[in-house]
Amino acid sequence: MNQAGSALAHGEWLYARLRAEPLYGAEEPLRVYLTCYRVLRADDDPRAAEILDAGYALLMKQAATISAAETRRQFLQDIPWHRELTSEASKERAAVNPIPF
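Computed from a prediction, not measured in an experiment: that's the story for all the values here. (Residues numbered from 1 in each chain as written. Predicted model: local features only at pLDDT ≥ 70, side-chain atom pairs only at ≥ 80, totals over all residues. Heavy atoms only, no water.)

Focus: the environment of alanine 63
Here is step 1: By secondary structure assignment, the location of alanine 63 is in helix H3 (residues 47–64).
Here is step 2: It is 8.5 Å that separates the C-alpha atoms of alanine 63 and arginine 73, two residues lying 10 residues apart in sequence. (Helix = DSSP H or I, 4+ residues; strand = E, 2+ residues; numbered from the N terminus.)

A look at the pattern of salt bridges
Here is step 1: Under the defined criterion, the tally for this structure stands at 7 salt bridges.
Here is step 2: Put simply, glutamate 28 and arginine 31 hold a salt bridge, and the shortest N to O gap is 2.9 Å.
Here is step 3: Residue glutamate 28 is classed as partly exposed on the basis of its relative accessible area, which comes to 31%.
Here is step 4: With a closest N to O distance of 2.8 Å, arginine 73 and glutamate 70 form a salt bridge. Of this pair, arginine 73 and glutamate 70 both sit in helix H4 (residues 69–77), 3 residues apart, which is roughly one turn of the helix.
Here is step 5: When its relative accessible area of 36% is taken as the criterion, arginine 73 is described as partly exposed.
Here is step 6: Each member of the salt-bridge network shares a partner with another, and the members are Arg41, Glu88 and Lys91. (Salt bridge = Lys/Arg side-chain N within 4 Å of Asp/Glu carboxyl O. Buried < 20%, exposed > 50% of the residue type's maximum accessible area, 1.4 Å probe, protein only.)

Some points on the confidence of the model for the protein chain
Here is step 1: Taken as a whole, the protein chain shows an average pLDDT of 83; of its residues, 73% reach a score of 70 or greater.
Here is step 2: Element-level mean pLDDT values for the protein chain span from 66 in helix H1 (residues 3–20) up to 96 in H4. (pLDDT = per-residue confidence, 0-100.)

A few points about the packing of H3 against helix H5 (residues 80–96)
Here is step 1: In contact at an axis separation of 10 Å, H3 and H5 are set at 125° when each is read in the N-to-C sense. Considering their axes alone, H3 and H5 lie oblique with respect to each other. Classified by chirality, the crossing of H5 by H3 is left-handed. Judged by residue contacts, Ala49, Leu52, Asp53, Gly55, Tyr56 and Leu59 of H3 engage His82, Leu85, Thr86, Glu88, Ala89, Glu92 and Arg93 from H5. (Axes fitted to C-alpha atoms, helices over the stretch in contact; angles between N-to-C directions. Parallel < 35°, antiparallel > 145°, perpendicular 65-115°, else oblique. Left-handed = near helix turned anticlockwise from the far one by under 90°. Contact = heavy atoms within 4.5 Å.)

Right, dumping it as structure tokens:
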């Protein structure tokens, strides 16, 4: 199996896991969402948007528990996969709802 096929097979497994149950015990669940999103997106799989939305929702839920604004900002911006999830979600929303000039 080539690298793309292997990545897609792992993406399929991740997708099934993410849809079936929360990632209990995962140290970096948001990184898992981002990885799954990237694999599915690379294959132009329409499920990529679903996984991105779920990962972003989880990120925002976690961020909402942080009362200190600076700590929340650090949580969202200083952790690379948190920053990338936010960026990808923003791009996705802009593509779906472009603002006319």
